[in-house]
Amino acid sequence: MSIKDEQTAALADLIACPTCDALYQNVEPQFQQRAVCTRCHTVLSAPIKGSVARIVALAIAVVVFLIAAVFLPFLRIEANGFKNASSIFDAAFSFSAAHLVVLSIAVLILILFIPMARAALLIFALSPLLLQRPPFRGAYLAFRWSEDLRPWSMAEIFVLGVGVALVKIVDLARVEVGAAFWLFSILVVFNVFQDTLLCRSSVWRALDRARNGVRND
Ligand SMILES: [Zn+2]
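Residues numbered from 1 in each chain as written. Predicted model: local features only at pLDDT ≥ 70, side-chain atom pairs only at ≥ 80, totals over all residues. Heavy atoms only, no water.

In the nomenclature of an unreviewed UniProt entry, the protein chain corresponds to Inner membrane protein YebS from the organism Pelagimonas varians.

What follows is the structure, given as structure tokens:
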């Protein structure tokens, strides 16, 4: 083994704290235990038994819910005998000025397409592991992209924004929230669950084990 190979192998045994860069030996904690950075208390690894199956199940639910939310009514507003029902596309494209079309497209990308892309990438990267098969080529890249997209997935901010807007107009008009609004609200809860279950270092280890033909629990 060359010196470079030895150095690479030695580095693979180390894990860096994502917050303060402190280096630790990469020892996998038992299920329900956590590895915490002693310097800044960031959680480095917190494996949960069966988390891969639950992450994939939640990702499938996110895809189904988002597709359903596109077709179901989002809001129904009634004021002075005038009724208007709108879908999520109507809500995003409600800016009438031409130069705000860019904003509408950005809203749709952030609330629909990025959450859907994240879920699809997770399903692609992790579903072979459930069947005790090696991951697809590109699974590592797919998981990295899904993590990179995490800060840009803004369905919860959208639900919060709509909630605030509804409180403001509730005196002026009768507002009924549609099924799509509730689907988005449930998606917020799913996202919280998924973030709790998704321990990045455990997923990388699970991918490594599957690639090397070792069974994942
Ligand atoms: Zn740290």
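### Some words on the nonpolar core
Condition: Each nonpolar core is a collection of buried residues, namely Ala, Val, Leu, Ile, Met, Phe, Trp, Tyr and Cys, held together in the definition by side-chain atoms within 4.5 Å. Each residue is placed in one exposure class: buried if its accessible area under a 1.4 Å probe, protein chains only, is under 20% of its type's maximum, exposed if it is over 50%, and partly exposed if it falls in between. Numbering of helices and strands runs from the N terminus, with a helix taken as a DSSP run of H or I at least four residues long and a strand as a DSSP run of E at least two residues long. A contact between two residues is defined here by any heavy atoms of the two lying within 4.5 Å.
The biggest cluster of nonpolar side chains holds 45 residues, and the ones touching the most others in it are Phe74, Leu112, Leu126 and Phe184. Mapped by element, the contributors of at least two residues to this core are α2 (51–71), α3 (88–92), α4 (101–130), α5 (139–149), α6 (155–169), α7 (179–197) and α8 (200–211). With 12 residues, the single largest contributor to this core is α2. Leaving out residues up to four positions away in the same chain, Leu112 has contacts with Leu66, Val70, Ile88, Phe89, Val107 and Phe184.

### Description of the domain arrangement of the protein chain
As a reminder, the rule being used: Throughout, the edges of the domains are those of an automatic or database domain assignment. Definition of a polar contact: a pair of N or O atoms within 3.5 Å, with one able to donate and the other able to accept a hydrogen when the atoms are protein atoms, and with sequence-neighbouring residues admitted only if both atoms are side-chain atoms. Classes in brief: Ala, Val, Leu, Ile, Met, Phe, Trp, Tyr, Cys and Pro nonpolar; Asp, Glu, Lys and Arg charged; the others, Gly included, polar.
When its domains are assigned, the protein chain resolves into domain 1 (1–46) and domain 2 (47–211). If you average the C-alpha positions of domain 1 and of domain 2, the two centres end up 31 Å apart. Between domain 1 and domain 2, the contact holds 12 residues from the first and 8 residues from the second. Linking domain 1 with domain 2 are 6 residue pairs in polar contact (both at pLDDT 80 or more). When its residues are assigned to classes, the side of domain 1 that touches domain 2 shows 6 nonpolar, 5 polar and 1 charged.

### Focus on the pairing of strand β6 (residues 82–86)
Here is the rule: Strand pairing is assigned whenever DSSP detects at least two bridges linking the two strands.
Note: strand β5 (residues 75–79) against β6, 5 bridges, orientation antiparallel. Bridged to Leu75 within β6 is Ser86. The hairpin formed by β5 and β6 contains 2 residues between the paired strands, and Asn80 there has a positive phi angle of roughly 50°.

### Side note on the packing of aromatic side chains
We count it as follows: Stacked, edge-to-face and tilted are the three classes for Phe, Tyr and Trp ring pairs, Trp counted by its six-membered ring, which pair at centre distances within 6.5 Å; planes under 30 degrees apart are stacked, over 60 edge-to-face, the rest tilted.
This model, assessed by the stated rule, comprises 9 aromatic pairs. Ring centres 5.4 Å apart and planes at 85° place the aromatic pair Phe181 and Trp182 in the edge-to-face group. Owing to a relative accessible area of 48%, Trp182 belongs among the partly exposed residues under this scheme. Among the aromatic residues, those joined into a cluster by ring pairs are Phe74, Phe158, Phe181, Trp182 and Phe184.

### Some thoughts on the layout of surface pockets
The condition that has to hold: Both cavities and pockets are sets of points on a 1 Å grid over the protein atoms alone; in a cavity a 1.4 Å probe fits but cannot get out, in a pocket the set is open with protein on both sides within 12 Å along at least five of seven lines, and lining residues sit with an atom within 4 Å of a point. Grid points are joined across faces, edges and corners, and a volume is the space filled by probe spheres set on the points.
In this structure, the largest pocket spans a volume of roughly 620 Å³. Considering the residues around the largest pocket, the lining is formed by 21 residues, among which Val43, Leu44, Cys199, Arg200 and Ser201 are closest to the centre. Ranked by residue count, the leading element in the lining of the largest pocket is α8, at 5 residues. Mapped onto the domain boundaries, the lining of the largest pocket takes at least three residues apiece from domain 1 (1–46) and domain 2 (47–211).

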